[in-house]
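If you want the building blocks of each chain, they are given just below.
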Amino acid sequence: MTQTIIVIAIIIFGGFAGYLERSLSSNGAIAAVFVGIAVYFGFGIKGLILLAIFFATSSYWSKYKSNNKKEIEEKLAKGATRDWRQVVANGGGAALLGIIYFFHQDITWLIGFLVCISSSNSDTWASEIGTLSKSKPIYIRTFKKIDKGTSGAVSWLGTTAAILGSMLIAVAGTLLFQLEVFHFFIIFLFGFLGNFIDTLFGAYYQQVYLCSICGIETEKKDHCQTTGKRIKGYHLVDNDMVNFISGFIAALLAMAFIYFVNQ
(Lines give C-alpha, C1' and ligand atoms only; values in the text may rest on other atoms or scores of the structure.)
Protein backbone atom coordinates (compact mmCIF):
# COMPACT_ATOMS: atom_id res chain seq x y z
CA MET A 1 0.00 0.00 0.00
CA THR A 2 2.81 2.39 0.90
CA GLN A 3 4.59 1.69 -2.37
CA THR A 4 1.41 2.37 -4.33
CA ILE A 5 0.93 5.74 -2.63
CA ILE A 6 4.55 6.68 -3.30
CA VAL A 7 4.32 5.67 -6.97
CA ILE A 8 1.07 7.60 -7.48
CA ALA A 9 2.71 10.64 -5.86
CA ILE A 10 5.65 10.29 -8.27
CA ILE A 11 3.24 10.04 -11.22
CA ILE A 12 1.47 13.21 -10.11
CA PHE A 13 4.82 14.96 -9.68
CA GLY A 14 5.84 13.80 -13.17
CA GLY A 15 2.68 15.29 -14.66
CA PHE A 16 3.30 18.57 -12.82
CA ALA A 17 6.93 18.60 -13.97
CA GLY A 18 5.77 18.08 -17.56
CA TYR A 19 3.49 21.07 -17.16
CA LEU A 20 6.29 23.24 -15.77
CA GLU A 21 8.56 22.17 -18.63
CA ARG A 22 5.77 23.08 -21.07
CA SER A 23 5.79 19.57 -22.47
CA LEU A 24 2.19 19.23 -21.25
CA SER A 25 -0.69 21.66 -20.96
CA SER A 26 -2.65 21.71 -17.69
CA ASN A 27 -5.27 19.26 -18.98
CA GLY A 28 -2.54 17.26 -20.68
CA ALA A 29 -0.78 16.85 -17.33
CA ILE A 30 -4.00 15.61 -15.71
CA ALA A 31 -4.56 13.14 -18.55
CA ALA A 32 -0.95 11.94 -18.28
CA VAL A 33 -1.46 11.25 -14.56
CA PHE A 34 -4.54 9.12 -15.25
CA VAL A 35 -2.73 7.23 -18.02
CA GLY A 36 0.24 6.66 -15.73
CA ILE A 37 -1.93 5.34 -12.90
CA ALA A 38 -3.81 2.95 -15.24
CA VAL A 39 -0.53 1.65 -16.66
CA TYR A 40 0.93 1.24 -13.16
CA PHE A 41 -1.99 -0.82 -11.88
CA GLY A 42 -1.80 -3.01 -14.96
CA PHE A 43 1.90 -3.40 -15.61
CA GLY A 44 3.59 -2.05 -12.50
CA ILE A 45 6.85 -0.11 -12.40
CA LYS A 46 8.03 -1.77 -15.61
CA GLY A 47 5.07 -0.34 -17.52
CA LEU A 48 5.77 3.11 -16.10
CA ILE A 49 9.41 2.89 -17.18
CA LEU A 50 8.30 2.23 -20.77
CA LEU A 51 5.79 5.08 -20.59
CA ALA A 52 8.53 7.35 -19.24
CA ILE A 53 10.85 6.37 -22.09
CA PHE A 54 8.16 7.29 -24.59
CA PHE A 55 7.22 10.63 -23.03
CA ALA A 56 10.83 11.62 -22.33
CA THR A 57 12.11 10.87 -25.84
CA SER A 58 8.99 12.38 -27.44
CA SER A 59 9.43 15.61 -25.50
CA TYR A 60 13.12 15.70 -26.37
CA TRP A 61 12.56 15.26 -30.11
CA SER A 62 9.65 17.73 -30.06
CA LYS A 63 11.95 20.42 -28.69
CA TYR A 64 15.05 19.39 -30.64
CA LYS A 65 15.88 22.15 -33.15
CA SER A 66 12.45 23.64 -32.47
CA ASN A 67 13.39 26.87 -34.24
CA ASN A 68 13.67 24.92 -37.48
CA LYS A 69 10.16 23.53 -37.01
CA LYS A 70 8.22 26.76 -36.42
CA GLU A 71 7.05 27.11 -40.00
CA ILE A 72 6.12 23.44 -40.23
CA GLU A 73 4.17 23.59 -36.95
CA GLU A 74 1.78 26.02 -38.62
CA LYS A 75 0.69 23.09 -40.77
CA LEU A 76 0.45 20.63 -37.90
CA ALA A 77 -2.35 20.33 -35.36
CA LYS A 78 0.08 19.48 -32.57
CA GLY A 79 2.88 21.51 -31.08
CA ALA A 80 5.62 20.86 -28.56
CA THR A 81 3.11 21.23 -25.68
CA ARG A 82 0.70 18.29 -25.64
CA ASP A 83 -2.91 18.64 -24.45
CA TRP A 84 -5.22 15.92 -23.10
CA ARG A 85 -6.30 14.83 -26.58
CA GLN A 86 -2.73 14.16 -27.64
CA VAL A 87 -1.97 12.35 -24.38
CA VAL A 88 -5.02 10.11 -24.81
CA ALA A 89 -4.24 9.61 -28.50
CA ASN A 90 -0.77 8.30 -27.65
CA GLY A 91 -1.38 6.73 -24.24
CA GLY A 92 -5.09 5.98 -24.10
CA GLY A 93 -4.77 2.56 -25.71
CA ALA A 94 -1.97 1.61 -23.35
CA ALA A 95 -4.05 2.77 -20.36
CA LEU A 96 -7.06 0.73 -21.51
CA LEU A 97 -4.94 -2.40 -21.93
CA GLY A 98 -3.42 -1.76 -18.50
CA ILE A 99 -6.88 -1.85 -16.94
CA ILE A 100 -7.77 -5.06 -18.81
CA TYR A 101 -4.47 -6.69 -17.84
CA PHE A 102 -5.13 -5.85 -14.18
CA PHE A 103 -8.15 -8.18 -14.28
CA HIS A 104 -6.88 -10.71 -16.83
CA GLN A 105 -3.11 -11.21 -16.86
CA ASP A 106 -2.46 -12.83 -20.21
CA ILE A 107 0.61 -12.20 -22.36
CA THR A 108 -1.66 -11.22 -25.27
CA TRP A 109 -2.69 -8.04 -23.45
CA LEU A 110 0.92 -7.33 -22.52
CA ILE A 111 2.01 -7.57 -26.15
CA GLY A 112 -0.86 -5.25 -27.13
CA PHE A 113 0.31 -2.72 -24.55
CA LEU A 114 3.90 -2.85 -25.77
CA VAL A 115 2.81 -2.46 -29.40
CA CYS A 116 0.70 0.59 -28.47
CA ILE A 117 3.72 2.29 -26.92
CA SER A 118 6.01 1.13 -29.74
CA SER A 119 3.62 2.50 -32.37
CA SER A 120 3.29 5.87 -30.61
CA ASN A 121 7.06 6.15 -30.23
CA SER A 122 7.61 5.17 -33.86
CA ASP A 123 5.10 7.75 -35.11
CA THR A 124 6.40 10.54 -32.86
CA TRP A 125 10.03 9.98 -33.82
CA ALA A 126 9.07 9.86 -37.50
CA SER A 127 7.17 13.15 -37.27
CA GLU A 128 9.61 15.10 -35.13
CA ILE A 129 12.83 13.90 -36.75
CA GLY A 130 11.50 13.50 -40.28
CA THR A 131 10.64 17.21 -40.51
CA LEU A 132 14.36 17.98 -40.13
CA SER A 133 15.14 16.24 -43.43
CA LYS A 134 16.95 18.48 -45.90
CA SER A 135 14.91 17.16 -48.83
CA LYS A 136 11.16 17.25 -49.32
CA PRO A 137 9.21 14.08 -48.40
CA ILE A 138 7.20 11.93 -50.81
CA TYR A 139 3.40 11.99 -50.61
CA ILE A 140 2.17 8.38 -50.67
CA ARG A 141 -1.01 9.24 -52.62
CA THR A 142 0.86 10.68 -55.60
CA PHE A 143 4.47 9.56 -54.97
CA LYS A 144 5.49 13.14 -55.66
CA LYS A 145 7.47 15.51 -53.47
CA ILE A 146 5.41 17.64 -51.12
CA ASP A 147 5.94 20.22 -48.37
CA LYS A 148 7.35 19.04 -45.06
CA GLY A 149 4.80 18.52 -42.33
CA THR A 150 2.15 17.11 -44.66
CA SER A 151 0.33 14.12 -43.18
CA GLY A 152 0.76 11.06 -45.38
CA ALA A 153 4.26 12.05 -46.51
CA VAL A 154 7.36 9.94 -45.93
CA SER A 155 11.11 10.53 -46.06
CA TRP A 156 14.18 8.37 -45.57
CA LEU A 157 15.06 10.24 -42.39
CA GLY A 158 11.54 9.93 -40.99
CA THR A 159 11.30 6.23 -41.88
CA THR A 160 14.66 5.52 -40.25
CA ALA A 161 13.52 7.41 -37.14
CA ALA A 162 10.28 5.38 -37.10
CA ILE A 163 12.22 2.12 -37.21
CA LEU A 164 14.52 3.20 -34.38
CA GLY A 165 11.62 4.51 -32.31
CA SER A 166 9.77 1.21 -32.56
CA MET A 167 12.95 -0.76 -31.92
CA LEU A 168 13.75 1.17 -28.73
CA ILE A 169 10.44 0.23 -27.10
CA ALA A 170 10.70 -3.35 -28.39
CA VAL A 171 14.16 -3.76 -26.84
CA ALA A 172 13.18 -2.09 -23.56
CA GLY A 173 9.92 -4.02 -23.30
CA THR A 174 11.56 -7.36 -24.05
CA LEU A 175 14.24 -6.81 -21.42
CA LEU A 176 11.94 -5.42 -18.73
CA PHE A 177 9.31 -8.14 -19.04
CA GLN A 178 11.84 -10.88 -19.87
CA LEU A 179 10.14 -11.83 -23.11
CA GLU A 180 11.44 -14.06 -25.89
CA VAL A 181 13.19 -12.88 -29.06
CA PHE A 182 10.04 -13.84 -30.97
CA HIS A 183 8.06 -11.32 -28.93
CA PHE A 184 10.67 -8.64 -29.62
CA PHE A 185 10.10 -8.97 -33.35
CA ILE A 186 6.33 -8.88 -32.90
CA ILE A 187 6.52 -5.66 -30.87
CA PHE A 188 9.02 -4.09 -33.25
CA LEU A 189 7.26 -5.02 -36.51
CA PHE A 190 3.71 -4.23 -35.39
CA GLY A 191 4.91 -1.02 -33.71
CA PHE A 192 6.38 0.12 -37.00
CA LEU A 193 3.21 -1.07 -38.76
CA GLY A 194 1.26 1.31 -36.53
CA ASN A 195 3.32 4.18 -37.89
CA PHE A 196 2.62 3.02 -41.46
CA ILE A 197 -1.12 2.81 -40.75
CA ASP A 198 -0.92 6.34 -39.32
CA THR A 199 0.67 7.50 -42.57
CA LEU A 200 -2.08 5.87 -44.66
CA PHE A 201 -4.86 7.38 -42.55
CA GLY A 202 -3.11 10.74 -42.65
CA ALA A 203 -2.97 10.68 -46.43
CA TYR A 204 -6.49 9.46 -47.15
CA TYR A 205 -8.78 10.25 -44.21
CA GLN A 206 -7.33 12.97 -41.96
CA GLN A 207 -8.94 16.36 -42.34
CA VAL A 208 -7.03 19.34 -43.71
CA TYR A 209 -8.21 22.96 -43.66
CA LEU A 210 -7.53 25.98 -45.84
CA CYS A 211 -7.01 29.22 -43.94
CA SER A 212 -9.01 32.00 -45.62
CA ILE A 213 -6.66 34.65 -44.20
CA CYS A 214 -3.13 33.45 -45.07
CA GLY A 215 -4.01 30.69 -47.53
CA ILE A 216 -2.01 27.96 -45.79
CA GLU A 217 -3.20 24.34 -45.79
CA THR A 218 -3.16 23.17 -42.19
CA GLU A 219 -4.43 20.46 -39.84
CA LYS A 220 -5.62 23.21 -37.49
CA LYS A 221 -9.33 23.92 -37.72
CA ASP A 222 -8.76 27.46 -36.43
CA HIS A 223 -5.92 29.50 -37.93
CA CYS A 224 -5.29 33.26 -38.00
CA GLN A 225 -8.14 33.60 -35.49
CA THR A 226 -10.68 32.27 -37.97
CA THR A 227 -12.20 28.88 -38.81
CA GLY A 228 -10.73 27.37 -41.95
CA LYS A 229 -12.50 25.52 -44.75
CA ARG A 230 -12.15 21.74 -44.72
CA ILE A 231 -10.70 20.74 -48.09
CA LYS A 232 -9.74 17.12 -47.38
CA GLY A 233 -10.56 14.28 -45.03
CA TYR A 234 -13.53 13.26 -42.94
CA HIS A 235 -15.32 14.98 -40.09
CA LEU A 236 -13.82 14.19 -36.64
CA VAL A 237 -10.81 12.41 -38.19
CA ASP A 238 -8.10 14.72 -36.89
CA ASN A 239 -4.47 13.99 -36.01
CA ASP A 240 -5.35 12.76 -32.52
CA MET A 241 -7.98 10.35 -33.86
CA VAL A 242 -5.53 9.01 -36.44
CA ASN A 243 -2.83 8.50 -33.81
CA PHE A 244 -5.17 6.61 -31.50
CA ILE A 245 -6.74 4.43 -34.19
CA SER A 246 -3.46 3.51 -35.89
CA GLY A 247 -1.80 2.45 -32.64
CA PHE A 248 -4.85 0.52 -31.48
CA ILE A 249 -5.24 -1.27 -34.82
CA ALA A 250 -1.58 -2.29 -34.71
CA ALA A 251 -2.07 -3.59 -31.14
CA LEU A 252 -5.20 -5.56 -32.12
CA LEU A 253 -3.40 -7.12 -35.09
CA ALA A 254 -0.45 -8.09 -32.89
CA MET A 255 -2.77 -9.60 -30.26
CA ALA A 256 -4.66 -11.54 -32.92
CA PHE A 257 -1.36 -12.85 -34.30
CA ILE A 258 -0.18 -13.93 -30.83
CA TYR A 259 -3.55 -15.58 -30.15
CA PHE A 260 -3.49 -17.70 -33.30
CA VAL A 261 0.17 -18.61 -32.85
CA ASN A 262 -0.56 -19.90 -29.35
CA GLN A 263 -3.50 -22.04 -30.48
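Residues numbered from 1 in each chain as written. Predicted model: local features only at pLDDT ≥ 70, side-chain atom pairs only at ≥ 80, totals over all residues. Heavy atoms only, no water.

## Observations concerning unusual backbone geometry
Next up, step 1: Here F143, not a glycine, exhibits a phi torsion of approximately 60 degrees, which is positive.
Next up, step 2: Residue classification places F143 among the exposed residues on the basis of a relative accessible area of 65%.
Next up, step 3: Not every positive phi belongs to a glycine, and Q178 is a case in point at roughly 55 degrees.
Next up, step 4: Along the chain, Q178 falls in the loop between helix 6 (156-176) and helix 7 (181-204). (Buried < 20%, exposed > 50% of the residue type's maximum accessible area, 1.4 Å probe, protein only. Helix = DSSP H or I, 4+ residues; strand = E, 2+ residues; numbered from the N terminus.)

## With respect to the environment of D238
Next up, step 1: Secondary-structure assignment places D238 in the loop between strand 8 (229-232) and helix 8 (239-261).
Next up, step 2: The class for D238 is partly exposed, based on a relative accessible area of 24%.
Next up, step 3: As for D238 and E219, which are separated by 19 residues in sequence, their C-alpha atoms are 7.4 Å apart.
Next up, step 4: Among residues more than four places away in sequence, those in contact with D238 are Q206 and Q207.
Next up, step 5: Looking at D238, its side chain comes within polar contact range of the main-chain nitrogen of M241, at 2.9 Å. (Contact = heavy atoms within 4.5 Å. Polar contact = N/O pair within 3.5 Å; in protein donor to acceptor, adjacent residues only side chain to side chain.)

## Observations concerning the side chain of N121
Next up, step 1: Mapped onto the elements of the fold, N121 is located in helix 5 (residues 107-130).
Next up, step 2: Note on N121: relative accessible area 0%, which makes it buried.
Next up, step 3: Here T57 takes part through its side chain, which lies 3.2 Å from a polar atom of the side chain of N121.
Next up, step 4: For N121, the residues in contact, after removing those within four places along its chain, are F54, T57, S58, G165, L168 and I169.

## Considering the pattern of salt bridges
Next up, step 1: Under the criterion given, the structure shown has two salt bridges.
Next up, step 2: Between E128 and R82 there is a salt bridge whose closest N-O contact spans 3.8 Å. You can see E128 sitting in helix 5 and its partner R82 sitting in the loop between helix 3 (70-73) and helix 4 (84-103), a full 46 residues away along the chain.
Next up, step 3: Assessed through its relative accessible area of 8%, E128 is described here as buried.
Next up, step 4: One salt bridge in this structure joins D147 and K136, with 3.5 Å as the shortest N-O distance. Pair noted here: D147 is in the loop between strand 2 (144-145) and strand 3 (153-154) and K136 is in the loop between helix 5 and strand 1 (138-139), with a separation of eleven residues, a long-range link.
Next up, step 5: A relative accessible area of 42% means that D147 is categorised as partly exposed.
Next up, step 6: Among the residues examined, K136 registers a relative accessible area of 47% and is labelled partly exposed. (Salt bridge = Lys/Arg side-chain N within 4 Å of Asp/Glu carboxyl O.)

## With respect to the packing of helix 5 against helix 7
Two packed helices can be described by the angle between their axes and the distance between those axes.
Next up, step 1: Orientation of helix 5 relative to helix 7, taken along the N-to-C sense of each, is 50 degrees, at an axis distance of 7 Å. The orientation of helix 5 relative to helix 7 falls into the category oblique. Where helix 5 crosses over helix 7, the handedness of that crossing is right-handed. Note on element contacts: helix 7 touches helix 5 through H183, I186, I187, F190, G191, F192, G194, N195 and D198, opposite I107, I111, L114, V115, S118, S119, S122, D123 and A126.
Next up, step 2: Of the residues in the contact of helix 5 with helix 7, the class split is nine nonpolar, seven polar and two charged. (Axes fitted to C-alpha atoms, helices over the stretch in contact; angles between N-to-C directions. Parallel < 35°, antiparallel > 145°, perpendicular 65-115°, else oblique. Left-handed = near helix turned anticlockwise from the far one by under 90°. Nonpolar A, V, L, I, M, F, W, Y, C, P; charged D, E, K, R; others polar.)

## Focus on the environment of L175
Next up, step 1: Within the secondary structure layout, L175 lies in helix 6.
Next up, step 2: Its relative accessible area of 64% is what places L175 among the exposed residues.
Next up, step 3: In the structure, L175 is positioned 129 residues away from K46 in sequence and 9.9 Å away in space, judged by C-alpha atoms.

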